[in-house]
Amino acid sequence: MGDLTLVIGNKAFSSWSLRPWLALKRTGQPFREIVIPLRQPDTAARIAEHSPTGRVPCLRDGDRVIWDSLAICEYVAERFPDAALWPTDAHARAVARSVSAEMHSGFAALRTHMSMDLKAFRPGVGHNAESGADIARVFALWRDTRARFGAGGPFLFGDFSIADAMYAPVVTRFLTYGVAMDGPCADYAQAVMDLPAMKEWVEAAKAEPWDIYADERSPS
Ligand SMILES: N[C@@H](CCC(=O)N[C@@H](CS)C(=O)NCC(=O)O)C(=O)O
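Calculation rules
- Residues numbered from 1 in each chain as written.
- Predicted model: local features only at pLDDT ≥ 70, side-chain atom pairs only at ≥ 80, totals over all residues.
- Heavy atoms only, no water.
- Salt bridge = Lys/Arg side-chain N within 4 Å of Asp/Glu carboxyl O.
- Helix = DSSP H or I, 4+ residues; strand = E, 2+ residues; numbered from the N terminus.
- Buried < 20%, exposed > 50% of the residue type's maximum accessible area, 1.4 Å probe, protein only.
- Contact = heavy atoms within 4.5 Å.
- Core = buried A, V, L, I, M, F, W, Y, C linked by side-chain atoms within 4.5 Å.
- Domains from an automatic or database assignment.
- Near = heavy atom within 4 Å.
- Polar contact = N/O pair within 3.5 Å; in protein donor to acceptor, adjacent residues only side chain to side chain.
- Areas by Shrake-Rupley, 256 points an atom, 1.4 Å probe, with all protein chains shown as cover.
- Nonpolar A, V, L, I, M, F, W, Y, C, P; charged D, E, K, R; others polar.
- UniProt positions renumbered as here; feature names shortened; annotations may be inferred.
- Axes fitted to C-alpha atoms, helices over the stretch in contact; angles between N-to-C directions.
- Parallel < 35°, antiparallel > 145°, perpendicular 65-115°, else oblique.
- Left-handed = near helix turned anticlockwise from the far one by under 90°.

**A few points about the pattern of salt bridges**
- Here the structure, examined in full by the defined rule, presents seven salt bridges.
- Measuring nitrogen to oxygen at the nearest pair gives 2.7 Å for the salt bridge that ties Arg137 to Glu102. Of this pair, Arg137 sits in helix H6 (residues 129-149) while Glu102 sits in helix H4 (residues 90-105), placing them 35 residues apart in sequence.
- Relative accessible area serves as the criterion here: at 38%, Arg137 is assigned to the partly exposed category.
- Using a relative accessible area of 24% as the deciding quantity, one classes Glu102 as partly exposed.

What follows is the structure in structure tokens.
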């Protein structure tokens, strides 16, 4: 067993970091975490000590270095197969990979106008036509996967999977920016927020001293 270190951004704001952190937590394997606060004078230099891309997250497993959130999740799934981080059914697994890739490569408006911000509650902020289209697609995707594959549990594919790790920051955005949720979407959001690992992350985020969006939030 190698020694695992996950290098992440600060928990209040680094949505890409949350995703592999949740996947690793799910394995039950111990890992060290290095938190690098974003938007500080030494951020770039500190990230460069670990990550070839200048971005976090980045995973070190012994002498292996793996970067990019979805690639890290894939690596963790292969490394710890007992954690069953992808659905066992081939069709469900393919769709889980599709929605995970869709999150990883898409939803630009949602990411731009509704940044993950676990230190804030800003209902109404960031709502516009572009983010509204992204929100509608997320809701359609959640309803579809819950209806077709979710019978075995409260998550998109029943049991927790990497797809849920990919959408966990979206759940927090909807709560932060007051996106109305009902029915299966509200139930799904609650299931994500009820995960013990999610509670641990949110609590740590709120306790962080750094607040990179404070200036943008102050008038409201
Ligand atoms: N595609 C990458 C995106 C990673 C990314 O953009 N990370 C941000 C933090 S959430 C970052 O490292 N930014 C560097 C900086 O702010 O200096 C992934 O999925 O891991």
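More follows now that the structure is in view.
**Structural notes on the side chain of Ser69**
- Mapped onto the secondary structure, Ser69 falls in helix H3 (residues 69-79).
- Residue Ser69 is classed as buried on the basis of its relative accessible area of 3%.
- Apart from the residues within four sequence positions on either side, Ser69 is in contact with Trp16, Pro20, Pro57, His104 and Met166.

**Concerning the environment of Ala136**
- Here Ala136 is to be found in helix H6.
- We classify Ala136 as partly exposed; its relative accessible area is 44%.
- Separated by 74 residues in the primary sequence, Ala136 and Gly62 place their C-alpha atoms 42 Å from one another.

**Here we look at the nonpolar core**
- In terms of nonpolar packing, the biggest core is built from 73 residues, with Trp21, Leu22, Leu59, Trp142, Phe157, Tyr167 and Phe174 touching the most fellow members.
- Lining this core are residues from two domains, each supplying at least three of them: domain 1 (4-83) and domain 2 (90-203).
- Setting aside anything within four residues of it in sequence, one finds Leu59 in contact with Leu4, Thr5, Leu6, Leu24, Arg64, Val65, Ile66, Ile72, Tyr75 and Val76.

**Comments concerning the site of the ligand**
- All residues in the neighbourhood of the ligand are listed as Ser14, Trp16, Leu38, Thr43, Gly54, Arg55, Val56, Pro57, Asp68, Ser69 and His104.
- Within the side chain of Arg55, one N or O atom sits 3.0 Å away from an oxygen atom of the ligand.
- His104 is positioned such that a nitrogen or oxygen atom in its side chain is 3.0 Å from an oxygen atom of the ligand.
- Look at the ligand: alone it shows 520 Å² of surface, and the protein chains cover 76% of it.
- Considered class by class, the residues forming the shell around the ligand number four nonpolar, five polar and two charged.

**With respect to the UniProt feature "domain: GST N-terminal" (unreviewed entry) in the chain**
- Following the UniProt record, the feature "domain: GST N-terminal" (unreviewed entry) maps to residues 4-84 here.
- Each end of residues 4-84 is marked by a C-alpha atom, and these two atoms are 19 Å apart; helix forms 37% of the span and strand 23%.

**Quick look at the packing of helix H1 (residues 15-27) against helix H9 (residues 196-207)**
- One way to put it is that H1 packs onto H9 with a least axis distance of 10 Å and a crossing angle of 135°. Here H1 lies oblique to H9, going by the angle between them. Judged by the twist between their axes, the crossing of H1 over H9 is right-handed. In this structure, H1 uses Ser17, Leu18, Trp21, Leu22 and Lys25 to contact H9, whose residues at the interface are Ala197, Met198, Glu200 and Trp201.
- For the contact of H1 with H9, the per-class residue count stands at six nonpolar, one polar and two charged.

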